[in-house]
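# Observations on the three-dimensional arrangement
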Amino acid sequence: MDVSTIARIVRQSEQTVRNWLQRYQVEGSEALSDEPRSGAPRKVTAAYREQVVNVVRQRPRSLQQPFSTWTLRRLVDYMAQQTGVRVSPDTVRLLLLEADIVLSRPQHKVSSPDPEYAVKKRRLSRSEIG
């Protein structure tokens, strides 16, 4: 195939195709792989992944936290304090998902030590309906 045909197929300019062909002729097929790209290094390391999974498997109060359940935001904040690395809640959610862990929203249940609580609650709900 000629350069213009290849350029149309791969949707690149003819000059780009010529550059790739020249690299191939000089260096062989190894020259066709992508080279490392610049950019910021990844924040999430294997050690961070392991630590976040270990932390979420512990009760927050055992880690001297002022709450009894983990939320993504609380976990992100705790990990930022411990590691100095702040990532998004969605990143933490995905890391936990890889470890087959899903945080559900905390369920709040209203209760009372009052022995007549159930009776009073029923009365209250009936008065709201009627």
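In short, a report on the structure. These numbers come from a predicted model, not from an experiment.

### Looking at the overall build of the chain
- When helices and strands are tallied, the chain shows 6 helices and 0 strands.
- Written out in order from the N terminus, the α and β elements of the chain read α-α-α-α-α-α.
- A compact globule built from 130 residues would reach a C-alpha radius of gyration of about 14 Å, whereas the chain, at 29 Å, exceeds it by more than 25%.
- Projected onto its principal axes, the C-alpha coordinates of the chain cover approximately 90 × 40 × 20 Å.
- When each of the 130 residues of the chain is scored for burial, the buried share is 18%.
- Nonlocal contacts in the chain, meaning residues at least 24 apart in sequence, comprise 40% of its contacts between residues at least 6 apart.
- For the chain, the distance from the average position of its 22 positive side-chain charges to the average position of its 14 negative side-chain charges is 12 Å.

### What to know about the layout of surface pockets
- Of the pockets and cavities examined, the largest pocket occupies roughly 180 Å³.
- Looking at the largest pocket, the residues that line it are Ile6, Val10, Gln12, Thr16, Val17, Trp20, Leu21, Tyr24 and Leu32.
- At the level of secondary structure, the elements contributing two or more residues to the lining of the largest pocket comprise helix 1 (3-10) and helix 2 (14-27).
- Considering every element that reaches the lining of the largest pocket, the biggest residue donor is helix 2, with 5 residues.
- By residue class, the composition of the lining of the largest pocket is 7 nonpolar, 2 polar and no charged.

### Quick notes on unusual backbone geometry
- Not every positive phi belongs to a glycine, and Arg11 is a case in point at roughly 55°.
- Looking at the secondary structure, you find Arg11 in the loop between helix 1 and helix 2.
- Taking the relative accessible area as the measure of exposure, Arg11 reaches 75% and is therefore exposed.
- Even without glycine at this site, Gln64 takes up a positive phi of about 60°.
- Along the chain, the position of Gln64 falls in the loop between helix 3 (46-56) and helix 4 (72-83).
- Classification of Gln64 as exposed rests on a relative accessible area of 67%.

Criteria and thresholds
- Sequence positions are assigned chain by chain, starting from 1 and proceeding in written order.
- Totals for whole chains, interfaces and linings use all residues, but because this is a predicted model, local features are given only for residues with pLDDT of at least 70 and pairs of side-chain atoms are given and counted only at 80 or more.
- Only hydrogens and water are removed before side-chain values are computed, so all heavy atoms of the structure are retained for them.
- Helix and strand definitions follow DSSP, with helices as H or I runs of at least four residues and strands as E runs of at least two, each counted in order from the N terminus.
- Throughout, radius of gyration means the C-alpha value; the globule benchmark is 2.2 Å times the number of residues raised to the power 0.38.
- Buried residues are those whose accessible area, probed at 1.4 Å on protein chains only, stays under 20% of the maximum for their type, while exposed residues exceed 50% and partly exposed ones sit between those limits.
- The contact criterion used throughout is that any non-hydrogen atoms of two residues lie within 4.5 Å.
- His is not counted, nor are the chain ends, whereas Lys and Arg count as positive and Asp and Glu as negative.
- A charged residue contributes its charge at one atom only: NZ of Lys, CZ of Arg, CG of Asp or CD of Glu.
- In this analysis the probe radius is 1.4 Å and the grid spacing 1 Å, with only protein atoms considered; a cavity is a set of points the probe fits into but cannot get out of, a pocket is an open set with protein on both sides within 12 Å along at least five of seven lines, and lining residues have an atom within 4 Å of a point.
- Grid points are joined across faces, edges and corners, and a volume is the space filled by probe spheres set on the points.
- Gly counts as polar in this scheme, as do all residues outside two lists: the nonpolar Ala, Val, Leu, Ile, Met, Phe, Trp, Tyr, Cys and Pro, and the charged Asp, Glu, Lys and Arg.

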